[in-house]
Amino acid sequence: MRDVTTAQPLDVQPTPLALLLLGREADPKSERGVECPGDLPSPSDPDLVERARAAKEKLGDKVFVLGHHYQRDEVIQFADVTGDSFKLARDAAARPEAEYIVFCGVHFMAESADILTSDAQKVVLPDLAAGCSMADMATAEQVAECWDVLTEAGVAEQVVPVSYMNSSADIKAFTGKHGGTICTSSNAKRALDWAFEQGEKVLFLPDQHLGRNTAVREMGMSLEDCVLYNPHKPNGGLTVEELRAAKMILWRGHCSVHGRFSLDSVEDVRARIPGVNVLVHPECKHEVVAAADHVGSTEYIIKTLEAAPAGSKWAIGTELNLVRRVAAAHPDKEVVFLDKTVCFCSTMNRIDLPHLVWTLESLAEGNLVNHIRVDPETESFAKLALERMLALP
């Protein structure tokens, strides 16, 4: 029998990814983020709300706090404006007097704000570990390799890249450099219409579901017109013939929240709540979107509930913080979460009140923390892609 008292410890070194997920290493190209430096206040501190209020008041017009719809209520209460990622980035650019833009969202959103704001403004993310799994599903190296595959297949000159707003600055820059544009969930059809005026095919990054749903539901394409490029397989798992025949080349990426909703979820809620209206985000799977009554962006979901008649019943397929907030705002309507299992955006939820307090107090003391900066070349091409979106008819 092995003598465990004298055995030497195994020489096992944690992988870079393991360290990254533990918050002990940094990867500036990753949406997963890194650790938050400094000592955070305790979540049980009864004075957190007052501390946040006092620090924000001390900063005055020097700070502008942005709150994404998926943020916790404890954070949203301190937001100067709320909205989706692109709306918030534009709101930041419209406040040039604000020296600090505190973005309560995730990393790619803060990058977009840095791209659109002036050099004098500093964008801050309260927790650098607040990332986006979807954005992480397409790296600059993988997309460059994909373009090589398209080039070897003889189709690259026909392809226009369209990247979802939920992508890293590197991917936005690639898109701008290769003549493409950015889209949001509310203008994806306009972006694709524009792209097909420029070329014969679209490379849609990084959310396969938004690309497929827009092409099939809104543009009359068939599922056969779409192929799925898997960056983890040789040549994306596609043949030259498949690439040449396709109109939509969809990147194999998805939202970890919206991807959880299933056709079973829709059928179950219809059985439990007769007369319910199913309202889902276009990042959901195609079969879920096809079975829903209404499909639209976060802003569309909010406006649809506002316009709905009293007494109507709604099952909403999007992030749970938003669903709870909308339900509380409309007590005259029955609003439920589409799935029986709770589904917060785990990385978005990393920004909590202790992180916000730490950020605001640090800034109030003159200490710049968690500054999000996009390098000039990346910013230039990413901004070009964003400007093409802004110029869409």
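Residues numbered from 1 in each chain as written. Predicted model: local features only at pLDDT ≥ 70, side-chain atom pairs only at ≥ 80, totals over all residues. Heavy atoms only, no water.

## Some points on the overall build of the chain
Here's step 1: The secondary structure content of the chain amounts to 17 helices and 14 strands.
Here's step 2: Out of the 393 residues belonging to the chain, those deemed buried represent 55%.
Here's step 3: In the chain, the proportion of contacts linking residues at least 24 apart, taken out of those at least 6 apart, comes to 66%.
Here's step 4: Surface exposure of the chain reaches about 17600 Å², of which carbon and sulfur atoms provide 50%. (Helix = DSSP H or I, 4+ residues; strand = E, 2+ residues; numbered from the N terminus. Buried < 20%, exposed > 50% of the residue type's maximum accessible area, 1.4 Å probe, protein only. Contact = heavy atoms within 4.5 Å. Areas by Shrake-Rupley, 256 points an atom, 1.4 Å probe, with all protein chains shown as cover.)

## Side note on the environment of Leu-384
Here's step 1: Along the chain, Leu-384 falls in helix α17 (residues 376–390).
Here's step 2: A relative accessible area of 32% places Leu-384 in the partly exposed class.
Here's step 3: Here the alpha-carbon distance between Leu-384 and Gly-176, two residues 208 residues apart in the chain, equals 5.4 Å.

## Remarks on helix α9 (residues 188–198)
Since there are 3.6 residues in each turn of an α-helix, residues three or four apart along the chain are aligned in direction.
Here's step 1: When α9 is considered as a whole, its buried residues turn out to be Ala-188, Ala-191, Leu-192, Trp-194 and Ala-195. What you see down the axis of α9 is that its buried residues fit within an arc of 160 degrees, all on one side.
Here's step 2: Where α9 is buried, its residues touch β5 (159–164), β6 (181–183), β7 (201–205), α10 (208–219), β9 (248–251) and α17. (Arc of directions from axis to C-beta.)

## Focus: the nonpolar core
Here's step 1: One finds Val-102, Phe-204, Met-248, Val-280 and Leu-360 to be the most contacted residues of the largest nonpolar core, which totals 105 residues.
Here's step 2: Take this core: its biggest share by element is seven residues, from helix α16 (residues 353–364).
Here's step 3: The contacts of Leu-360, once residues within four sequence positions are left out, are Ala-52, Ala-55, Lys-56, Leu-59, Val-63, Val-65 and Val-102.
Here's step 4: Cys-146, Leu-150, Phe-174 and Ile-249 belong to the second-largest nonpolar core, a separate cluster that totals 21 residues. (Core = buried A, V, L, I, M, F, W, Y, C linked by side-chain atoms within 4.5 Å.)

## Details of the packing of helix α4 (residues 85–93) against helix α5 (residues 107–116)
When two helices pack together, you describe them by how their axes are tilted relative to each other and by the distance separating the axes.
Here's step 1: One can describe the packing of α4 onto α5 by two numbers: an axis separation of 8 Å at closest approach and a directional angle of 35 degrees. Read as a crossing pair, α4 and α5 show a hand that is right-handed. Contacts between α4 and α5 involve Ser-85, Phe-86, Ala-89, Arg-90 and Ala-93 from the former and Phe-108, Met-109, Ser-112, Ala-113 and Leu-116 from the latter.
Here's step 2: Considered class by class, the residues forming the contact of α4 with α5 number seven nonpolar, two polar and one charged. (Axes fitted to C-alpha atoms, helices over the stretch in contact; angles between N-to-C directions. Left-handed = near helix turned anticlockwise from the far one by under 90°. Nonpolar A, V, L, I, M, F, W, Y, C, P; charged D, E, K, R; others polar.)

## Quick word on the pattern of salt bridges
Note that side chains of opposite charge can pair when their charged atoms are close.
Here's step 1: This model, assessed by the stated rule, comprises twelve salt bridges.
Here's step 2: A salt bridge links Glu-99 to Lys-62; the nearest nitrogen and oxygen atoms lie 3.8 Å apart. One end of the pair, Glu-99, is in the loop between α4 and β3 (100–104); the other, Lys-62, is in the loop between α2 (48–59) and β1 (63–68), with 37 residues separating them in the sequence.
Here's step 3: The class for Lys-62 is partly exposed, based on a relative accessible area of 39%.
Here's step 4: Three or more residues joined by partner-sharing salt bridges are found here, namely Asp-45, Arg-51 and Glu-361. (Salt bridge = Lys/Arg side-chain N within 4 Å of Asp/Glu carboxyl O.)

## Structural notes on the sheet that holds strand β2 (residues 81–83)
Hydrogen bonding along the main chain pairs the strands of a sheet, whether they run parallel or antiparallel.
Here's step 1: A sheet is described by the order of its strands in space; here five strands give the open sequence β2-β1-β3-β4-β14, paired in mixed fashion. Each end of this open sheet is capped by a strand with a single partner; those strands are β2 and β14 (371–372).
Here's step 2: Against the sheet, α16 touches β1, β3 and β4 (122–124), its axis set at about 175 degrees to β3. (Pairing = 2+ DSSP bridges.)

## So, α17
Here's step 1: Between its terminal C-alpha atoms α17 stretches 20 Å, which fits the 21 Å expected from 15 residues at 1.5 Å a residue.
Here's step 2: Here α17 has its buried residues at Thr-378, Glu-379, Ala-382, Ala-385, Leu-386 and Met-389. Looking straight down α17, one finds its buried side chains confined to an arc of 130 degrees; they lie on one side. Along α17, exposed side chains directed more than 90 degrees from the buried face belong to Pro-376 and Glu-377.
Here's step 3: The elements touched by buried residues of α17 are α4, α5, α8 (169–177) and β6. (Expected span 1.5 Å × (residues − 1).)

## Regarding the pairing of strand β10 (residues 277–280)
Here's step 1: Note that β10 and strand β12 (residues 313–317) share four bridges and pair parallel. Along β12, the bridge assignment pairs Leu-279 with Ile-316.
Here's step 2: Sheet topology note: the β10/strand β11 (residues 294–295) ladder contains two bridges and is parallel. Residue Val-280 lies in a different strand from β11, and its bridge partner there is Val-295.

## Looking at the packing of aromatic side chains
Here's step 1: As enumerated under the stated definition, the model contains three aromatic pairs in all.
Here's step 2: Note on Tyr-229 and Trp-251: the rings are 5.3 Å apart at their centroids and 25 degrees apart in plane angle, and the pair reads as stacked. With Tyr-229 in strand β8 (residues 226–229) and Trp-251 in strand β9, this pair connects stretches of sequence that are 22 residues apart.
Here's step 3: On the accessibility criterion, Tyr-229 (1% relative accessible area) is buried.
Here's step 4: Overall, the relative accessible area of 0% leaves Trp-251 in the buried class.
Here's step 5: Taking 5.5 Å as the distance between ring centres and 65 degrees as the angle between the ring planes, the aromatic pair formed by Phe-261 and Phe-337 counts as edge-to-face. Of this pair, Phe-261 sits in the loop between β9 and α12 (263–272) while Phe-337 sits in strand β13 (residues 334–337), placing them 76 residues apart in sequence. Of the two residues examined, Phe-261 and Phe-337, each falls in the buried class. (Phe/Tyr/Trp six-rings, centres within 6.5 Å; stacked < 30°, edge-to-face > 60°.)

## Section: the pairing of β1
Here's step 1: Of all six residues in β1, six are buried, a share of seventy percent or more.
Here's step 2: The side-chain alternation of β1 yields two buried faces, one formed by Val-63, Val-65 and Gly-67 and the other by Phe-64, Leu-66 and His-68.
Here's step 3: Relative to β2, β1 runs parallel, the two being bridged by three bridges. Looking across to β2, one finds that Gly-67 is bridged to Thr-82.

Remember that the coordinates give geometry; whether it matters functionally is a separate question.
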